[in-house]
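Architecture and fold: a report
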Amino acid sequence: MVSSAASSMSAAVFEAPVDALIAQQEQLFLRRQPRSTELIAEAGEHLAGAATSNWQIAEPQAVWLSHGEGSKVYDVDGNEYVDMHGGYGAAIAGHAHPAIVTAVSDRVRRGTHFAQPTEDAIWIAGELSRRFDLPLWRFANSGTEATMDAVHLARALTGRDLIIKVEGCYHGHHDSVQVSVLPEADEVGPRDAPNPVPGNTGIPAAIRDLVIVVPFNDAGAVARALAEYRGQVAAMILEPVMMNAGIIAPEDGYLEVVRDLVHGEGTLLIYDEVKTGFTTGPGGITGRSGVVPDMVCLAKALGGGIAVAAIGGTTTVMSAIADGRYEQVGTFNGNPLAMAATRATLTEVLTPESYAHLDELATRLRTALEATIARHGFGWHVVTAGAKGCVTFRSEPVREFRDFLKIDARLGHLHWLVQHNGGVFLPPWGKVEQWLLSVQHNSDDVDRFAANFARFAKALSRLPAESAS
Ligand SMILES: Cc1ncc(COP(=O)(O)O)c(C=O)c1O
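Here's a quick rundown of the structure. Each residue is numbered by its place in its chain's sequence as written, counting from 1. Reporting of local features is limited, given that this is a predicted model, to residues whose pLDDT is at least 70; pairs of side-chain atoms are given and counted only at 80 or more, and all residues count toward the totals for whole chains, interfaces and linings. Working from all heavy atoms in the structure, the side-chain values ignore hydrogens and water.

To qualify as a helix, a DSSP run of H or I must reach at least 4 residues; to qualify as a strand, a run of E must reach at least 2; elements of each kind are numbered from the N terminus. Secondary-structure assignment places R325 in the loop between α11 (315–322) and α12 (336–349). Considering only alpha carbons, one finds R325 and C169, 156 residues apart in sequence, at a separation of 29 Å. Contact between two residues is taken to exist if any of their heavy atoms lie within 4.5 Å; hydrogens are not considered. Excluding anything up to four places from it in sequence, R325 contacts L157, S319 and A320. Polar contacts here mean pairs of N or O atoms no more than 3.5 Å apart (in protein, one a potential hydrogen donor and the other a potential acceptor; neighbouring residues in sequence count only if both atoms are side-chain atoms). Side-chain polar atoms of R325 contact the side chain of D323, separated by 3.0 Å.

Another aspect to go through is the sheet that holds strand β11 (residues 309–313). The pairing criterion is simple: DSSP has to find at least two bridges between the two strands. Spatially, 7 strands are ordered β5-β11-β10-β9-β8-β6-β7 in an open sheet, and the strand pairing comes out mixed. Of all strands in the sheet, those with a lone pairing partner are β5 (136–140) and β7 (211–214), marking the two edges. Going from strand to strand, the sheet's axes swing by 20° on average, the running direction of each strand aside. In this structure, strand β6 (residues 162–166) lies alongside strand β8 (residues 233–238), joined through 4 bridges in parallel fashion. Looking at β8, one finds that L162 is bridged to V233. Axis lines are fitted to C-alpha atoms, over the contacting stretch for helices. Their N-to-C directions set the angle, which ranges from 0 to 180 degrees.

Another point: the site of the ligand. Near, as used in this document, describes a residue that has one of its heavy atoms within 4 Å of the molecule or strand being considered. Taken together, the neighbourhood of the ligand is formed by S142, G143, T144, Y170, H171, G172, E239, N244, D272, V274, K275 and K300. The contact in question runs from an oxygen atom of the ligand to an N or O atom on the side chain of T144, over 2.6 Å. Summarising the interface, the protein chains cover 87% of the accessible area of the ligand, which totals 390 Å² for the free molecule. All residues other than Ala, Val, Leu, Ile, Met, Phe, Trp, Tyr, Cys, Pro, Asp, Glu, Lys and Arg, Gly among them, are scored as polar; the first ten of these are nonpolar and the last four charged. Classifying every residue of the shell around the ligand gives 2 nonpolar, 6 polar and 4 charged. We get accessible surface area from the Shrake-Rupley algorithm with a probe of 1.4 Å; when it comes to residues, only the shown protein chains can shield them.

What follows deals with the nonpolar core. Take the buried Ala, Val, Leu, Ile, Met, Phe, Trp, Tyr and Cys residues and link them wherever side-chain atoms come within 4.5 Å; each set so joined is a nonpolar core. Per-residue accessibility, obtained with a 1.4 Å probe over protein chains only, is compared with the maximum for each type, and a residue is labelled buried under 20%, exposed over 50%, and partly exposed between these values. The biggest cluster of nonpolar side chains holds 107 residues, and the ones touching the most others in it are L128, M236, F278, W380 and W435. Ranked by size, the runner-up nonpolar core spans 27 residues in total, among them A154, L268, I311 and I321.

Now for unusual backbone geometry. With an omega of 10°, the peptide bond between E59 and P60 qualifies as cis. Considering the arrangement of structural elements, one finds P60 in the loop between α2 (34–43) and β2 (65–69). The phi dihedral of A50 falls on the positive side, at around 60°, and the residue is not glycine. You can see A50 is positioned in the loop between α2 and β2.

By rolling a water-sized probe across the atoms, one finds the places where empty space is left. Put simply, the grid is 1 Å and covers the protein atoms alone, a cavity is a trapped set of points that fit a 1.4 Å probe, a pocket is an open set with protein on both sides within 12 Å along at least five of seven lines, and lining residues have an atom within 4 Å of a point. Grid points are joined across faces, edges and corners, and a volume is the space filled by probe spheres set on the points. Within this structure, the stated rule accounts for 1 cavity of 30 Å³ or more. Taken as a whole, the largest cavity encloses approximately 220 Å³ of empty space. Considering the residues around the largest cavity, the lining is formed by 22 residues, among which C390, V391, G430, K431 and E433 are closest to the centre. Of all the secondary structure elements, the ones that give two or more residues to the lining of the largest cavity are β13 (388–392) and α15 (409–421). Counting residues per element, the lining of the largest cavity draws most heavily on β13, at 4 residues.

As a further point, take the packing of helix α5 (residues 120–132) against α12. One way to put it is that α5 packs onto α12 with a least axis distance of 9 Å and a crossing angle of 40°. Here α5 is positioned oblique relative to α12, judged by the angle of their axes. Viewed along their axes, α5 and α12 form a crossing whose handedness is left-handed. Seen from α5, the contacting residues are D120, A121, W123, I124, E127, L128 and R131; seen from α12, they are M339, A340, T342, R343, L346 and T347. The class makeup of the residues in the contact of α5 with α12 is 7 nonpolar, 2 polar and 4 charged. Should an angle fall under 35 degrees it is called roughly parallel, over 145 degrees roughly antiparallel, and 65 to 115 degrees roughly perpendicular, with every other angle called oblique. Handedness of a helix crossing follows the sense of rotation of the near helix relative to the far helix, less than a right angle counterclockwise being left-handed and clockwise being right-handed.

The strands making up a sheet associate through hydrogen bonds between their backbones, and the pairing can be parallel or antiparallel. Strand order in this open sheet of 4 strands is β2-β3-β4-β14, and the pairing throughout is mixed. Looking at the sheet topology across the chains shown, the edges are occupied by β2 and β14 (424–425). With 2 bridges joining them, strand β4 (residues 80–83) and β14 adopt parallel strand pairing. When the sheet's bridge partners are listed, V82 is paired in β14 with V424.

For A322, the location among the structural elements is in helix α11. When its relative accessible area of 67% is taken as the criterion, A322 is described as exposed.

The next point concerns the packing of aromatic side chains. Pairs were defined over the aromatic rings of Phe, Tyr and Trp, the Trp ring being its six-membered one, requiring ring centres within 6.5 Å. Orientation was assigned from the angle between planes: stacked under 30 degrees, edge-to-face over 60, tilted for the rest. Applying the stated criterion across every chain yields a total of 15 aromatic pairs. Between W380 and F453, the ring centres sit 6.1 Å apart and the planes meet at 70°, which makes this aromatic pair edge-to-face. Here the residue W380 occupies a position in the loop between α13 (352–376) and β12 (381–385), and F453 occupies one in helix α16 (residues 443–460), the gap between them amounting to 73 residues. Across the pair, F453 and W380 agree in class, each one buried. An angle of 70° between the planes, with centres 5.2 Å apart, marks the rings of W435 and F449 as edge-to-face. Highlighted residues: W435 in strand β15 (residues 435–436) and F449 in helix α16, separated in sequence by 14 residues. Geometrically, a charge over a ring is one whose NZ (Lys) or CZ (Arg) sits within 6 Å of the ring centre while staying within 35 degrees of the ring normal. If you follow K431 out to its NZ or CZ, it ends over the ring of F404, 4.4 Å from the centre.

Let's shift gears to the pattern of salt bridges. Salt bridges are counted wherever a side-chain nitrogen of Lys or Arg sits within 4 Å of a carboxyl oxygen of Asp or Glu. Throughout the structure, instances matching the rule amount to 21 salt bridges. We note a salt bridge from E400 to R191, for which the minimum N-O separation is 2.8 Å. Of this pair, E400 sits in the loop between β13 and α14 (401–404) while R191 sits in the loop between β6 and α7 (205–208), and the two are 209 residues apart along the sequence. Take E400: its relative accessible area is 5%, and that puts it in the buried class. The exposure class of R191 is partly exposed, given its relative accessible area of 33%. Beyond isolated ion pairs, a larger network of salt bridges with shared partners links D19, D408 and R410.

In structure tokens form, the structure reads like this:
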């Protein structure tokens, strides 16, 4: 499901001072982007923090974009980038994909919002049922809304308040799940009883205390939590492949055992497939693993670049919506614009041929990166899951969030800077995020990434320049 490989050679000792390389790359970054610097100064007057989401603020500064086309995006200074940021995992269609342009333009001319259902919703719900093996669906507008509804539904159905959450998983910015998302090493507490650490300010302690935190890939910890809080746990929510701490794959059998454990205690299982949903395959990890949860949350890539989300569930779960015991609502739910874009994405973008193309590109990129890693004797791992991937800058395996905490964050940041200055746009959060390939990427695009990576590795290597090239 997820491929990982490490060089067998021992890790080289860095002779190049990493901080100095970062300073040098940051200077180059700023020199390339004077117009972004001007816009940030202008925006700061009325736009809080000079950005429209805190995650758009990168070090040394946010990059302001003008447009995107195909596999590329362009900044306001006219620099071109191969886009592997992918709008934090949403842009699997690439930019201005003809099928999306046609569907959205056609819909815009016929009205974009009624707060009444349109026929596309029926087709999409049917297609999602087929892909994710869950019979009933509802729509929302963001991943946050989808996981919020899923947690509410679980509480409504079970009459229980507690939830089990995996340390290091991110499920959006509503209170219930803003716990132990990216806690610091000195906050996490003992591994066998992790502290529930608020993931933001403004999270009431009373809500934080409804979350039982467990490590990933440890079914025993789930069993212990269920036993300790018998009859009180509404649901366990997790990313079935963790994608907010690099990429961490579930070990063989983990998802299956977890599903059986929670069901044994009348607890529901929620997969947050907001990131993995369509990027790892047509039916996400649900489809790939065959371990079907009670609820699946989707967003990001589903809308081909337009905001949309979906919650799918079993008949038992979704009956609470159908009969009104739980009110799943939202002014823009299933709005015709999002539905038109989603239908086009599912029919014309996320096809079997597209997945074959994405797999080919992912293999080409992984092979090139692994060759570079081996050449320099680093023990890093290339981890890919369909169109998503990252390099884990650590030689020991990463099975859970506490392993991830030990990765030197400076390497991820330096890699981001080198890629950016070399014309490849990755998500700014170096070690946390992954690349996304789109259906419009080609081999030249991934080769540009591989060439930048080779320069990055060479700069860090103690090998003489001629043998490292
Ligand atoms: C796994 C996961 N779930 C939920 C969310 C929240 O999605 P949104 O930002 O659309 O609210 C994210 C966002 O990155 C995510 O990665």
